[in-house]
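Summary of the model geometry
Letter by letter, the chains look like this.
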Amino acid sequence: MKIRIFPVSIIFLFIVIFIVFLKGLKNPNIYKPKTDVKKNIPLLNFELFESNKKINSNEIFVDDEFYLMNIWSSWCAPCRDEHVFLIKLSKEKNLKLVGLNYKDNFINAKNFLDELNNPYEIIITDKDGLVAIEWGAYGVPETFLIHKKKIIKKIIGPLNIDLVLEIKELVK
Amino acid sequence: MRFVNLFFVIFFIFSLKVSFAQEGNLKNKITKNLRCLICQGQSVYDSDSEFANSVKILVDKKLNEGFSEKEIYVFLKERYGEWILYDPEFSKITYFLWLLPIILFLIGGAIILKIFNIRKN
């Protein structure tokens, strides 16, 4: 009796450990944030960029239109690169661009827009990054496609030509 | 009488300090349990990235608004998913992870008991 329990349990334990590790080996370990979740937009009061007026998210995102909310900053280099694509998208008929100026200095941001043109219809500011957290954003640049007060697509990182085409297709 | 007053004043000052320290500790405790999502292997507490700094401000603000530790976790989980917490919650996916140590402990105990019984016999 004494001899049997030990080897059997140890062999069993090793088999279990072996299976667990074998399965773990095949799993991809790279964490990818979920980008296809359909979430409601957060209800918030935003501060406008040009003036200190407050505006509610219900006033910005009116039902039927498509909105593209882009988080940008003048100190962020990839934002500069993706700006061309934003200007392209701003010419789209049924798409309105909303800018969220993230942790930025007003003068720098203004210069940034003067230099590269302003694709946004409305710009709201986020001085300490709390608005971005409400949206579940990771940083700059980040883009949300909003329809009927729901986030239908979330793009982490700069836009590229494929994503622009995809957005155009979705908006049609 | 004077000494008694002095004692109370000192006592009051010390009690104040203790309460402040505890508040800081709770903030640290929460931020240490939050994963900095844009960093590699750092907690929000350790990191100085833009994201982590914002989360620190948020935790401070929420604590001032009277949110409990759990409510803050729920708030962040809604936005960033379970991954932001270092302590995974007990759920369908993680029950094996949480119960495994207990199961191993019980199996070990059973084996020891069995051996003792055999020795006695």
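It should be emphasised that the depicted structure is a prediction, and the values quoted were computed from it without experimental measurement.

Let's talk about the overall build of chain B
Per the secondary structure count, chain B includes four helices and zero strands. Mapped in sequence order, the helices and strands of chain B form the string α-α-α-α. Each principal axis of the C-alpha atoms in chain B carries an extent, and together these give about 75 × 50 × 25 Å. A separation of at least 24 residues holds for 37% of the contacts in chain B among residues at least 6 apart in sequence.

Examining the overall build of chain A
Of regular secondary structure, chain A possesses six helices and eight strands. Mapped in sequence order, the helices and strands of chain A form the string α-β-β-β-α-β-α-β-α-β-α-β-β-α. By the compact-globule yardstick of 16 Å for 172 residues, chain A is too spread out, its C-alpha radius of gyration being 23 Å. With respect to the principal axes defined by its C-alpha atoms, chain A has extents near 85 × 35 × 30 Å. Burial status across chain A gives 30% buried among its 172 residues.

Some words on the nonpolar core
Counting residues in hydrophobic clusters, the biggest one holds 43 residues, and the most contacted among them are L68, L100 and A132 of chain A together with V55 of chain B. Once residues within four sequence positions are removed from consideration, L100 of chain A is found in contact with M69, N70, I71, I124, D126, V131 and A132 of chain A.

Observations concerning the pairing of strand β4 (residues 66-72) of chain A
Residues and elements named next belong to chain A. Counting buried residues along β4, six of its seven residues qualify, which places the element largely inside the surrounding structure. Sheet topology places β4 next to strand β5 (residues 95-102); seven bridges connect them, and they run parallel. Following the sheet pairing, I71 is matched in β5 by L100.

Overview of unusual backbone geometry
Residues and elements named next belong to chain A. Between V140 and the following residue, P141, the backbone shows a cis peptide bond with an omega angle of -15 degrees. Here P141 lies in the loop between α5 (130-134) and β7 (142-147). The backbone phi angle of N117 is positive, close to 75 degrees, even though this residue is not glycine. Here N117 is to be found in the loop between α4 (106-116) and β6 (122-126). In this structure N117 comes out as exposed when scored by C-beta crowding, with 12 C-beta atoms within 10 Å. For K149, which is not glycine, the phi dihedral falls at a positive 60 degrees. Here K149 lies in the loop between β7 and β8 (150-156). Judged by C-beta crowding, with 14 C-beta atoms within 10 Å, K149 ranks as partly exposed.

Considering the confidence of the model for chain B
All names here are of chain B. Of the residues in chain B, 93% reach a pLDDT of 70 or more, and the chain-wide mean stands at 86. Ranking the elements of chain B by mean pLDDT puts helix α1 (residues 2-32) last with 77 and helix α2 (residues 50-64) first with 92. For this predicted complex, the interface confidence reaches an ipTM of 0.75, while the overall pTM sits at 0.73.

Description of the interface of chain A and chain B
Listed by partner, the interface residues are 15 residues for chain A and 16 residues for chain B. Those elements that provide at least two residues to the side of chain A that touches chain B are α1 (2-26) and α5 of chain A. Residues that form the side of chain A that touches chain B fall into these classes: seven nonpolar, four polar and four charged.

Some thoughts on the sheet that holds strand β3 (residues 54-56) of chain A
Residue and element names in this part refer to chain A. Spatial ordering of the open sheet is given by β1-β8-β7-β4-β5-β6-β2-β3, a layout of eight strands whose pairing is mixed. Looking at which strands have only one partner, the edges of the open sheet turn out to be β1 (39-40) and β3. Set on the sheet, helix α3 (residues 77-90) makes contact with β4 and β5; between it and β5 the angle comes to about 155 degrees.

Section: the environment of L34 of chain B
Residue and element names in this part refer to chain B. When you line up the elements, L34 lands in the loop between α1 and α2. Taking the number of C-beta atoms within 10 Å as the measure of exposure, L34 has 23 and is therefore buried. The sequence separation of L34 and I72 amounts to 38 residues, and the corresponding C-alpha distance is 10 Å. Those residues in contact with L34, other than ones at most four positions away along the chain, are S43, V44, V55, L76, I84 and L85.

Rules of the game
- Residues numbered from 1 in each chain as written.
- Chains lettered and ligands numbered in written order.
- Predicted model: local features only at pLDDT ≥ 70, side-chain atom pairs only at ≥ 80, totals over all residues.
- Helix = DSSP H or I, 4+ residues; strand = E, 2+ residues; numbered from the N terminus.
- Contact = placed C-beta atoms within 7 Å.
- Rg over C-alpha atoms; globule rule 2.2 N^0.38 Å.
- Buried ≥ 20, exposed ≤ 12 C-beta atoms within 10 Å, placed from the backbone.
- Core = buried A, V, L, I, M, F, W, Y, C linked by C-beta atoms within 7 Å.
- Pairing = 2+ DSSP bridges.
- pLDDT = per-residue confidence, 0-100.
- Nonpolar A, V, L, I, M, F, W, Y, C, P; charged D, E, K, R; others polar.
- Axes fitted to C-alpha atoms, helices over the stretch in contact; angles between N-to-C directions.

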